[in-house]
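Next come the chains, spelled out residue by residue.
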Amino acid sequence: MTDEKSFVEIRHAQKAFGKLEVLKDISLSVDKGQIVGIIGSSGSGKSTLLRAINDLDPLTGGEVWLDGVEVNQKLPHRQYEKHINQMRQQVGMVFQHFNLFPHMTARENVTMAPMLLKGLSKDEANTLAEEQLDNVGMLERIDYYPSQLSGGQKQRVAIARALAMKPKLMLFDEATSALDPELVEEVNQVMRKLAEQHMTMIIVTHEMDFAASVCDRVLFMDQGVVVEEGPPSMLFKNPTQPRTREFLRKHLENAK
Amino acid sequence: MDIELMLKVYPFFLEAAWLTIVLSVLTAVLGLICGTLGAFARLSRFAILRFIAAAYVSVFRGTPALIQLFILYFGGPQIGIQLDAFEAGVIGLGINAGAYMAETIRGGIISIDKGQREAARTLGLSHWQAMYKIILPQAARLMVRPLGVNLNMLIKATALVAAISVVELTYTAQRYIGSTYKPFEMFLLAGVLYMIIIYVTGRGVVWLDRKVQIT
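Residues numbered from 1 in each chain as written. Chains lettered and ligands numbered in written order. Predicted model: local features only at pLDDT ≥ 70, side-chain atom pairs only at ≥ 80, totals over all residues. Heavy atoms only, no water.

Attention shifts here to the sheet that holds strand 5 (residues 69-70) of chain A. Residues and elements named next belong to chain A. An order of 2-1-4-5 is seen for the four strands of this open sheet, with the pairing classed as antiparallel. The open sheet is flanked by strand 2 (20-30) and strand 5, the only strands paired with a single partner. The sheet contact formed by strand 1 (residues 8-17) and strand 2 spans seven bridges and is antiparallel. Considered in strand 2, the bridge of F17 is made with L20. Together, strand 1, strand 2 and strand 4 (61-66) form the strand contacts of helix 1 (residues 46-53), whose direction differs from that of strand 2 by roughly 60°. (Pairing = 2+ DSSP bridges. Helix = DSSP H or I, 4+ residues; strand = E, 2+ residues; numbered from the N terminus. Contact = heavy atoms within 4.5 Å. Axes fitted to C-alpha atoms, helices over the stretch in contact; angles between N-to-C directions.)

Here's what the structure looks like:
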């Protein structure tokens, strides 16, 4: 194996809960600026793989590298904590259920981490929050609490919160799955805008059309393995694997 | 009912009620300290701390507070712990209340959705930063009412220290019964004063609970 590493490099990722193998030897590389979609039925391991990238779900085997640094390297607990906190600052993550901090306004959700971790002054952080919330079209609601926002608005604030840390990589874990259908597009638009700005993104999604339109590459996962991967034009139109075809066929039926 | 007698002795009862309040406040403070330490120990990643905290909670919730006080006050000198009655009362009740509060605080912390911790950690916050900035501010709001229940129990439990002769409300009532032979009036007077203390505390808890709710 050469040691030339891509921007994001996952090598032989394995994850088991007891005897249940969720990830079976998965390798994946993502170049800077690339947008990779991961599709698959629930339980296929796609979220687990995504969450392994910032060590939210630690792997039981294999390596994750980001920009030449090994994310899940073996270190004594204290050192590892320091290292992983540093790594996570560089990786933005967006969750299915938003996970906004309910006791903070949109502004505070965005300013909290940059002030605490990067030592931004209150003024600097406020400017940053205005900038980031404006970017996702949420400037008008800057002083609202999450409970006063719709799902789509919450998710846009959550994206702004992640972007405020100026991450090198953005991970989306079914960012629109919990949204009412009419609110999906406003979040997709924000993600498209990020794509245009060449943000490196890994997107776990159930939305084939969206994946097809923004991703450079799509992976189909099933039972802990990558069954097939390729550009969306190929994977969606001419899947070579029976399991991929089956999945896409079922998905199409459900959509109808 | 001898109202005249009650009016005559009530200033002494007020004084005793004040001691009950002081006892309650000190016990609550010590209880909160023990409870917080206990809760964090129960949630620790170190098995030994989890074990010690679990043992603390089950021992102090599994035996009568009165026995705990007797062991501390009467049994203490045998193993080199010399405390006067008031000290023994505060320490005994405080540690006892802490065992209950530990469960309340732990319950508040673990009831916060794990997505909150994940979102905080994902931004790069350390375990303690996430605890301090994200988990505790939310958990504390949930804990106000259950801790209010602990406080209610604790105030009533201060009556137990009468048994080690701390001159608080219950002991004072017993003392006046000795000289007046009017247990009905004396215990009623003590009961009313307990009720007032507990009612005011309860209103305070409700007020605090409303005040801290997230809009």
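Right, let's talk about the packing of aromatic side chains for a bit. Per the stated rule, a full pass over the model turns up seven aromatic pairs over all chains. An angle of 35° between the planes, with centres 4.9 Å apart, marks the rings of F220 of chain A and F247 of chain A as tilted. Linking F220 of chain A in strand 9 (residues 217-222) with F247 of chain A in helix 9 (residues 242-255), this pair joins segments that are 27 residues apart in sequence. Between F70 of chain B and F74 of chain B, the ring centres sit 5.4 Å apart and the planes meet at 55°, which makes this aromatic pair tilted. Of this pair, F70 of chain B and F74 of chain B both sit in helix 3 (residues 65-75), four residues apart, which is roughly one turn of the helix. Joined through ring pairs, the aromatic side chains of F12, F13 and Y176 of chain B make up one cluster. (Phe/Tyr/Trp six-rings, centres within 6.5 Å; stacked < 30°, edge-to-face > 60°.)

Pairs may arise between side chains of opposite charge once their charged atoms sit close together. Residue and element names in this part refer to chain A. As enumerated under the stated definition, the model contains 21 salt bridges over all chains in all. Across the pair R107 and E130 runs a salt bridge whose closest N-O atoms are separated by 3.5 Å. Residue R107 is located in helix 3 (residues 106-118), and its partner E130 is located in helix 4 (residues 122-135); the two are separated by 23 residues in the primary sequence. With relative accessibility at 19%, the residue R107 sits in the buried group. (Salt bridge = Lys/Arg side-chain N within 4 Å of Asp/Glu carboxyl O. Buried < 20%, exposed > 50% of the residue type's maximum accessible area, 1.4 Å probe, protein only.)

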